[in-house]
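Spelled out, the chains give:
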Amino acid sequence: MATGQILWLTTEAVMDAVRIESRTMKMDQAEGMQDHFEARVLVNTREAWPAPTMDVYDRQ
């Protein structure tokens, strides 16, 4: 995932699309590498723009 990317969330808490605002990476010996993302919920996008029917992953 990259900043600016639009993703659909299909959890009970969020059923809308989100825009990735920031990404940070943390590395430590105990837990290994962890990514942390902050995203803005695009409120009511589920009403105007149907979610895709299949998952598409962009692996970089």
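Look a little higher up for the structure.
Being a predicted model, the structure only gives us computed values, none of them experimental.

> Which residues make up the pattern of salt bridges, and what values do they have?
This model, assessed by the stated rule, comprises 4 salt bridges. The shortest N-O distance in the salt bridge between R40 and E21 comes to 3.5 Å. Linking R40 in strand β3 (residues 32-42) with E21 in strand β2 (residues 17-28), this pair joins segments that are 19 residues apart in sequence. Take R40: its relative accessible area is 52%, and that puts it in the exposed class. Residue class for E21 comes out partly exposed when judged on its relative accessible area of 33%. Residues R23 and D35 are paired through a salt bridge, measuring 3.4 Å at the closest nitrogen-oxygen approach. Of this pair, R23 sits in strand β2 while D35 sits in strand β3; the two residues are 12 residues apart in sequence, bridging distant segments of the chain. Connected through shared salt-bridge partners, R19, E21 and R40 make up one network.

> Could you give me a rundown of the sheet that holds strand β1 (residues 6-8), with the residues and numbers involved?
With respect to topology, 3 strands assemble into an open sheet ordered β1-β2-β3, the strand pairing being antiparallel. At either margin of the open sheet sits one strand with a lone partner, and together these are β1 and β3. Each adjacent strand pair in this sheet contributes to an overall mean axis angle of 50°, direction not counted. Of the pairings in the sheet, the one linking β2 to β3 comprises 11 bridges and is antiparallel in character. By the bridge assignment for β3, R23 is matched with F37.

Definitions and limits used
Residues numbered from 1 in each chain as written. Predicted model: local features only at pLDDT ≥ 70, side-chain atom pairs only at ≥ 80, totals over all residues. Heavy atoms only, no water. Salt bridge = Lys/Arg side-chain N within 4 Å of Asp/Glu carboxyl O. Helix = DSSP H or I, 4+ residues; strand = E, 2+ residues; numbered from the N terminus. Buried < 20%, exposed > 50% of the residue type's maximum accessible area, 1.4 Å probe, protein only. Pairing = 2+ DSSP bridges. Axes fitted to C-alpha atoms, helices over the stretch in contact; angles between N-to-C directions.

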